[in-house]
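An overview of the molecular structure
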Amino acid sequence: MDPVPTGASGPVGGRGAGAMIEAESGPTVERRMDEASGNIVKSGVPAVSPNLADYALSCRLFDWRQATSELAGLPGGGVNIAHEAVDRHVLEGRGEHIALRCVPPSGAVVTLSYTRLAALSNRFANGLHRLGVRAGDRVFTLLGRCPELYVAVLGTLKNKSVLCPLFSAFGPDPVVQRMTLGDARVLVTTQALYQRKIADRRAGLPGLEHVVIVGPSTADLPGTVRWDDLMEAASEEFTIPATDPEDPALLHFTSGTTGRPKGAVHVHGAVAAHRVTAEYALDLHPDDVYWCTADPGWVTGMSYGVIAPLAAGVTVVVDEGEFDAARWYRVLESEHVTVWYTAPTAIRMLMRATPRTGPFDLPRSHDLSALRFIASVGEPLNPEAVRWGADVLGLPIHDNYWQTETGCIVIANLAACDIRPGSMGRPLPGFQAEVLAADEQGRPVRDGAGRVRPVTDPAGQGVLALRPGWPSMFRGYLDDEERYRSAFVDGWYVTGDLVRRDSDGYLWFVGRADDVIKSAGHLIGPFEVESALMEHPAVAEAGVIGRPDPVAGTVVKAFVSLRPGFDPGPELCTDILAFARRKLGPAVAPREVAFDQNLPKTRSGKVMRRLLRAREQGLPEGDTSTLESGSA
Ligand code: ATP
Ligand code: MG
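By convention here, each chain's residues receive numbers from 1 onward along its written sequence. Working convention: letters from A go to chains and numbers from 1 go to ligands, in the order in which they are written. The predicted origin of the model limits local features to residues at a pLDDT of at least 70 and limits the giving and counting of side-chain atom pairs to 80 or more, whereas totals for whole chains, interfaces and linings rest on all residues. Hydrogens are left out, water is left out, and the side-chain values use all remaining heavy atoms of the structure.

The chain is annotated in an unreviewed UniProt entry as acetate--CoA ligase of Catenulispora subtropica.

Notes on the packing of helix α4 (residues 114–130) against helix α5 (residues 147–158)
Two elements in contact, α4 and α5, have axes whose closest approach is 7 Å; the angle formed by their N-to-C orientations is 60°. On the basis of their axis angle, the class for α4 and α5 is oblique. The chirality of how α4 crosses α5 is right-handed. Counted together, L117, A118, L120, S121, N122, F124, A125 and L128 of α4 and Y150, V151, A152, L154, G155, T156 and K158 of α5 form the full contact between these two elements. By the convention adopted, Pro, Cys, Tyr, Trp, Phe, Met, Ile, Leu, Val and Ala count as nonpolar, Lys, Arg, Asp and Glu as charged, and the other residues, Gly among them, as polar. Class assignment of the residues belonging to the contact of α4 with α5 gives a composition of 10 nonpolar, 4 polar and 1 charged. Between N-to-C directions, angles cover 0 to 180 degrees, with each direction set by a line fitted to C-alpha atoms, over the stretch in contact for helices. Per the convention used, a helix needs a DSSP run of H or I reaching at least four residues, while a strand needs a run of E reaching at least two, with both numbered from the N terminus. Just so you know how the angles are binned, under 35 degrees is roughly parallel, over 145 roughly antiparallel, 65 to 115 roughly perpendicular, and the rest oblique. Rotating anticlockwise by less than a right angle from the far helix to the near helix defines a left-handed crossing, while the corresponding clockwise rotation defines a right-handed one. Contacts between residues were defined by any pair of non-hydrogen atoms, one from each residue, lying within 4.5 Å.

Re the nonpolar core
It is characteristic of soluble globular proteins that their nonpolar side chains tend to be buried jointly. Nonpolar core, defined: a set of buried Ala, Val, Leu, Ile, Met, Phe, Trp, Tyr and Cys residues in which side-chain atoms within 4.5 Å join the residues together. Residue burial is assigned from relative accessible area. The probe radius is 1.4 Å, only protein chains are included, and a residue is buried under 20% of its type maximum, exposed over 50%, and partly exposed in between. With 100 residues, the main nonpolar core has L100, L117, V188, L310 and Y341 as its most contacted residues. Looking at which element gives the most residues to this core, the answer is helix α10 (residues 299–311), with 8 residues. Each domain's extent was defined by an automatic or database domain assignment. Mapped onto the domain boundaries, this core takes at least three residues apiece from domain 1 (102–264) and domain 2 (433–466 + 480–514). If you look at the next biggest cluster of nonpolar residues, it comprises 50 residues, including L381, I517, M534 and A542.

A look at the site of ligand 1
Of all residues adjacent to ligand 1, which total 20 residues, the nearest are S255, T257, T258, T404 and D497. Within the side chain of R512, one N or O atom sits 2.7 Å away from an oxygen atom of ligand 1. To measure how exposed things are, a 1.4 Å probe is used in the Shrake-Rupley method; for residues, cover is taken only from the protein chains shown. For ligand 1, the protein covers 95% of the area, taking 630 Å² as the surface of the free molecule. Contributing elements (two or more residues each) for the shell around ligand 1: β16 (397–401) and β24 (507–512). In terms of residues, the shell around ligand 1 owes the most to one element, β16, which gives 3 residues. Of the residues assigned to the shell around ligand 1, the class counts are 5 nonpolar, 9 polar and 6 charged. When we break the shell around ligand 1 down by domain, the ones giving at least three residues each are domain 1 (102–264) and domain 2 (433–466 + 480–514). Here a residue is near a molecule or strand as soon as one of its heavy atoms is found within 4 Å of it. Polar contact is defined as a pair of N or O atoms within 3.5 Å, subject to the rule that within protein one atom must be able to donate a hydrogen and the other to accept it, and that residues adjacent in sequence are counted only when both atoms are side-chain atoms.

Quick notes on the domain arrangement of the chain
Partitioning the chain into domains gives domain 1 (102–264), domain 2 (433–466 + 480–514) and domain 3 (517–617). On the side of domain 3, 7 residues touch domain 1, which itself brings 8 residues to the contact. A simple way to read buried area is as the amount of 1.4 Å-probe accessible surface that goes missing from two parts once joined, with both sides added. Both faces considered, domain 1 and domain 3 share a buried interface measuring about 540 Å² in area, 52% of it formed by carbon and sulfur atoms. For domain 1, the biggest contributors to the area lost against domain 3 are F167, S255 and T257; these three give 66% of the whole. Any Lys or Arg side-chain nitrogen located within 4 Å of an Asp or Glu carboxyl oxygen qualifies as a salt bridge. Taken together, the connections running from domain 1 to domain 3 amount to 0 salt bridges. Connecting domain 1 to domain 3 are 0 residue pairs in polar contact (both at pLDDT 80 or more).

Some remarks on unusual backbone geometry
One non-glycine residue with positive phi stands out, namely D183, at about 55°. Here D183 lies in the loop between α6 (172–181) and β7 (184–190). Even without being a glycine, H336 presents a positive backbone phi close to 55°. Within the secondary structure, H336 is located in the loop between α11 (325–334) and β14 (339–342).

Here we look at the pairing of strand β27 (residues 539–549)
Here β27 lies mainly inside the structure; 10 of its 11 residues are buried. For two strands to count as paired, DSSP must find a minimum of two bridges between them. With 10 bridges connecting them, β27 and strand β28 (residues 553–562) associate as antiparallel partners. Counterpart to I545 in the pairing with β28 is K557. Hairpin connection between β27 and β28: a loop of 3 residues separates the two successive antiparallel strands.

Re α5
Expected helix span is given by 1.5 Å per residue-to-residue step, counting one fewer step than there are residues. Over its 12 residues, α5 runs 17 Å from end to end, which matches the ideal 16 Å to within 8%, given 1.5 Å per residue. Counted residue by residue, α5 has 11 buried out of 12 residues, so it is predominantly covered. Within the sequence span of α5, burial applies to P147, L149, Y150, V151, A152, V153, L154, G155, T156, L157 and K158. Looking one or two residues past α5, K160 carries a phi angle of roughly 65°, positive in sign.

Section: the sheet that holds β28
Reading across the sheet, the 3 strands line up as β27-β28-β29 and stay open at both edges, with mixed pairing between neighbours. Taken across any chain shown, the strands that pair with only one partner, and hence form the sheet edges, are β27 and β29 (592–595). When the angles between neighbouring strand axes are averaged without regard to direction, this sheet yields 25°. Here β28 runs beside β29; their pairing, made up of 4 bridges, is parallel. Counterpart to F559 in the pairing with β29 is A594. In this fold helix α12 (residues 344–353) packs onto β27 and β28, with an angle of close to 120° to the strand it touches most, β27.

What to know about the environment of T495
For T495, the position within the fold is in strand β23 (residues 492–501). Sequence separation of T495 and R275 is 220 residues, and the distance between their C-alpha atoms is 23 Å. If we ignore the near neighbours within four places in the chain, the residues touching T495 are Y401, Q403, V463, L464 and L466. A polar atom in the side chain of T495 sits 2.7 Å from the backbone oxygen of L464.

Printed below as a string of structure tokens:
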């Protein structure tokens, strides 16, 4: 297999158009705001080779079979994620490159080379094998960001067992619920998490045969095995068994933004998509120092915190600390991070902590010169945040869109292309996206022959649909065949997200189908209203819902949290309402504003509008297992 392109010379892109285009060396790319369009445009030639030099040509020539054939593959044939992520680099002579830089909240940074990571994951695979854990058995992790998590993930995949990561801050019920649904055979966790969340409930998990305790184990915990003991007894040599690209590899539960979380099953062949999207959307090159803030318990933290960056051969920063804007700036500086993958909620936290003017000029007091760009995912990125990035940090922020189900980034303001603030960007090469005419529930409308119809008017909105066929597409929802089948209509996978597509093919998020508000005959996307509210100097974050109203049917109600230094009160309320009316017009602007410094969010950082709606109407809150504690 061809090595990943390494920098300012040689062929770039690897497949499709990029392979034919020679990268030029020259001045660093510059991005500036185009005053007429408001877009962030690039000029000059990138200092690092762009992974995607010609978007249209790359889309035309892209071929997933070729992308898959470019994987290293197992020596005996087949594809295994862990081999692509680690062992391959060792075989290719890059074993001494640093794979992980683990930054604890205090104390020294721990580094692991690719060679070391390969050896440790071999040990864990051997350890599992010795416990009798086999292909297809489910291994759950309930761990924070730590080196052992990476070793456990990769070792599990080497053993062909199926990995299911859980968020370590989940309460006992969500943990047990997911382990029951996922038929957990092994759990890797810490003593504290085990004692708090599992020990008392273990009798209710008869399938859970082995619990591996990471870190100090001071108590006598019957039915557990210590990580150190398991690892010490295991050999560093392991031969990955033959793995078919269609063999199951990962089980991911969705964020539960719209209801009960669903378990999505992914296969080993998905790594081809991780590798390609790491190049196209995140522009990763082996010399990059990359940091993803997502928790490994979510699909982003696994696909783009572990698999994709390792498959791209970069150095991954593993930050073990809490969500905290000041600390993020410090880590970005001290680790010389070149690409940062985070979420709108984190960017809004930075905005809150970083006034545009004033004595406390956080980013300028840190040297972020290594950072090439920021990428964002998980929920809509308000244009205000993109402009803030350009103005205050001097950095482009590239929005990315995908779902647990898609397994990889599918739409992005690509690293090599101009950014349209407020837009999710365009489909990556290899993805065919369509905007389908939909009913009010977001279901595609079918004609008499059962066919769906695309929306052609650039002002018109519809449901985003994707043509299946890329390797990381989910292969099913756990024990819910019916729900899986109903996600496909007339050959399209229907995302449930409403979007618009402009005449240049950029997609604009309107809202989740079930969040869209119908008020006085208008269909209103909450994202548009929230973004307008965020342009008010007092507003840090907003969540917008429809509230039933006897006269209008539904009126728009906004919940906002305020930036520091602003007092909630009737005057500010009137001012925000008037501001929104001027920007959005009376039909779309909220009729009511409520102040709420703790908007309910999922643990992956998404505003839970369904909870705001339920609370407003005094209805049951439904599944709150993924509610961030503190956002009450
Ligand atoms: P559930 O399916 O359980 O309700 P969820 O949809 O939030 O939860 P995820 O798979 O983690 O679970 O999130 C995918 C969803 O996140 C997308 O369908 C979309 O609604 C939203 N999303 C992700 N990225 C973006 C983005 N860049 N812009 C707008 N929305 C986004
Ligand atoms: Mg979803």
